[in-house]
Structure formats: structure tokens, C-alpha cells
Amino acid sequence: MPTISILGSGNGTNAQALIDAIESETLPATIGCIISDVKDAPILQRAQRHHLPAYHVDCAPSPHALRDTAEATVLDRLAQHQTDYVILAGFMRIIKANLLATYPHRIINIHPSLLPAFPGLDAGRQAFEARVSQTGCTVHYVDAGIDTGKIILQQPVTIDPTDTLETLMQKIHAAEHQAYPAALRKIFPQS
Ligand code: GAR
């Protein structure tokens, strides 16, 4: 059974969906650790509630990058917990070369749009403001580009004329919570 470690910066609802899927034995995996670049992020509190190893990794002063010392700390933690797959769940920093080289085709991300449409930040808002009738979420492998890696699974979400940005984001999140475990089931070896 593969060991996954999860990196996130925020609320951690996708991490929660993965924890729930593992605990209910609908996703054949174990969790190594949960890492956040944000000290008080709810994702770390969720980890603690489930008695999972949780670490804050200080990335200051860089706003977007995982600077070298922080990357080295992340690599140490991942190795310490025998990580097979690195799962990005709302991790708002760019993954650098060392991490990519250490986990080739084993770093996975979820993005709140139907890639290649609306890459980058605030993808839900981008889709809402573009007035498209359909958006969704994408689970994909991470490569050196921004949201460009090979797609594993996509789940569409309809944008209704009555949707606000808030209701749309709720629908995207609900789709993500289904899509992430489903995508990992697709790629993990079946025992
Ligand atoms: C999710 O919607 C995820 O797709 C997005 O951040 C949110 C995290 O929510 N990720 C990105 O935009 C990455 N570019 P969560 O912390 O509740 O899982």
C-alpha cells in the first residue's frame, strides 16, 4: 500500500477527503505526514485531530517559492515518513527541481478548473468572471510548469445562471472531494 504525504497551505478540505477515504478503506493508502507552509493552517489541525504527524515548514521571506532550506526540510520530512507519493492539496507554492527529481511522476496536484483552462491562481474566480457555462477540477501530475502536468482525472461542474462565486466554489470543492480520492484509486496499485 503506498504512503502519501500531503502538502497544503489552507483549510485542508481536500486533505480531509483523503483522510476520510483512507479511514473508511475506500482508498488503499496510508498517510506519512502532513506539511504546511502556514503555521496556523487548519490543514495542520485536521492532521492533529487524526493523530497524523503534522509539520509547519517556514518558507519566509519568499511569498511564492519553496526556498532551498525549506525544500530540504520538506524532503527530510517526506523521507522520514517513507513517502511514496507527494500529494498537493491547496499548496500555494511552486515545487522546485529537487523535489521533482526526488519524486518523478509521484507528485500530484488538484486544481480548481478544467485544465488547460484557467491555470494559476484563483481559477474558480477566473472561470466565473469569464462567464463560461462549465468548469470543474483537475487532478494531475506535477511537472516544472504551472498546472501543465499530465492529467489523471477531471470532474466537470456546471455554472448555473443563478450561481454566485461563492456557490460555484462550493460546487467545485464538492467535486474535488470526490475527484481526488478517485484519481488516486486510479493510479495506485490494487492489492
Ligand atoms: C482547492 O480548491 C484546490 O484546488 C486549490 O486550493 C483549494 C484548497 O482547498 N488549489 C489551487 O488553487 C492550486 N493552484 P482546501 O485547502 O480546502 O483543500
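Shown above is the structure to which this text applies.
A brief report on the enclosed structure follows. (Residues numbered from 1 in each chain as written. Predicted model: local features only at pLDDT ≥ 70, side-chain atom pairs only at ≥ 80, totals over all residues. Heavy atoms only, no water.)

## Things to note about the site of the ligand
Test applied: Here a residue is considered near a molecule or strand provided that any single heavy atom belonging to it is located within 4 Å of it. Pairing of N or O atoms within 3.5 Å defines a polar contact, subject to two protein rules: one partner must be a possible hydrogen donor and the other a possible acceptor, and residues neighboring in sequence count only if both atoms are side-chain atoms. Computed with the Shrake-Rupley method and a 1.4 Å probe, the accessible areas treat only the protein chains shown as cover for residues. Gly falls in the polar group here, along with every residue not listed as nonpolar (Ala, Val, Leu, Ile, Met, Phe, Trp, Tyr, Cys, Pro) or charged (Asp, Glu, Lys, Arg).
The environment of the ligand is made up of Asn-11, Gly-12, Thr-13, Asn-14, Gly-90, Met-92, Ile-110, His-111, Pro-112, His-173 and Glu-176. Between the ligand and the protein, one listed contact pairs an oxygen atom with a side-chain N or O atom of His-173 at 3.3 Å. A distance of 2.4 Å is found between an oxygen atom of the ligand and a side-chain nitrogen or oxygen belonging to Glu-176. Within the complex, 88% of the 450 Å² of free accessible area of the ligand lies under protein. For the shell around the ligand, the per-class residue count stands at three nonpolar, seven polar and one charged.

## Let's talk about the pairing of strand β1 (residues 3-8)
On any regular strand, side chains alternate: one points to one face of the sheet, the next to the other face. Note the cut-off: Between buried and exposed lies partly exposed: a residue is buried under 20% and exposed over 50% of the maximum accessible area for its type, with that area taken using a 1.4 Å probe on protein chains only. Counting from the N terminus, the helices are DSSP H or I runs at least four residues long and the strands are E runs at least two residues long. Strands pair, by our definition, only if DSSP identifies at least two bridges between them. Whether a crossover is right-handed depends on one test, that the path from the first strand over the helix to the second runs clockwise when the strands point away from the viewer.
The buried fraction of β1 is high, at six of six residues. Side-chain alternation along β1 places Thr-3, Ser-5 and Leu-7 on one buried face and Ile-4, Ile-6 and Gly-8 on a second face that is also buried. Direction of pairing for β1 relative to strand β2 (residues 30-36): parallel, over a ladder of five bridges. Bridging across to β2, Leu-7 finds its partner in Ile-35. Traced from β1 through helix α1 (residues 13-23) to β2, the parallel crossover comes out right-handed.

## Let's talk about the side chain of Glu-176
This is how it is decided: Working convention for charge: Lys and Arg count positive, Asp and Glu count negative, and His plus the chain ends are omitted. Criterion for a salt bridge: a side-chain nitrogen of Lys or Arg within 4 Å of a carboxyl oxygen of Asp or Glu.
With respect to the helices and strands, the residue Glu-176 is situated in helix α6 (residues 165-187). No salt bridge is formed by the buried Glu-176; the nearest opposite charge belongs to Arg-46, separated by 11 Å. Side-chain polar atoms of Glu-176 contact the side chain of Asn-14, separated by 3.1 Å.

## A look at the packing of aromatic side chains
Stated formally: Any Phe, Tyr or Trp ring, taking Trp's six-membered ring, that has another such ring centre within 6.5 Å forms a pair; planes under 30 degrees apart are called stacked, those over 60 apart edge-to-face, and the others tilted. For a lysine, the NZ atom is tested; for an arginine, the CZ atom; a charge sits over a ring if that atom is within 6 Å of the ring centre and within 35 degrees of the ring normal.
Within this structure, the stated rule accounts for one aromatic pair. For the pair Tyr-85 and Phe-188, a centre-to-centre distance of 4.8 Å together with 45° between the ring planes defines the contact as tilted. Residue Tyr-85 is found in strand β4 (residues 85-88), and its partner Phe-188 is found in the segment after α6; the two are separated by 103 residues along the sequence. Each of the two residues, Tyr-85 as well as Phe-188, counts as buried. Of note, Arg-77 hangs over the ring of Tyr-55, and the distance from its end group to the ring centre comes to 3.9 Å.

## Points about the state of the cysteines
Put simply, the rule reads: When the sulfur atoms of two cysteines come within 2.5 Å, that pair is taken as a disulfide.
Taken as a whole and judged by the stated rule, the model has zero disulfides. Considering cysteine sulfurs only, Cys-59 is the nearest to Cys-33, which forms no disulfide, with 14 Å between them.

## Notes on the sheet that holds strand β7 (residues 151-158)
As a reminder, the rule being used: Interaxial angle, 0 to 180 degrees, is taken between N-to-C directions of lines fitted to C-alpha atoms, where a helix line uses only the stretch in contact. In what follows, residue pairs with any heavy atoms lying within 4.5 Å of each other are defined as contacts.
If you walk across this open sheet you meet the seven strands as β3-β2-β1-β4-β5-β6-β7, and the pairing is mixed. Unpaired on one side and paired on the other, β3 (54-56) and β7 mark the two borders of the sheet. Each neighbouring strand pair of the sheet contributes to a mean axis angle of 20°, computed without reference to strand direction. When β4 meets strand β5 (residues 107-111), the two strands line up parallel, connected through three bridges. When the bridges of β5 are listed, Val-86 appears paired with Ile-107. Against the sheet, helix α3 (residues 68-80) engages β1, β2, β3 and β4, with an angle of about 165° to β2.

Just geometry here; none of it tells us what the structure is for.
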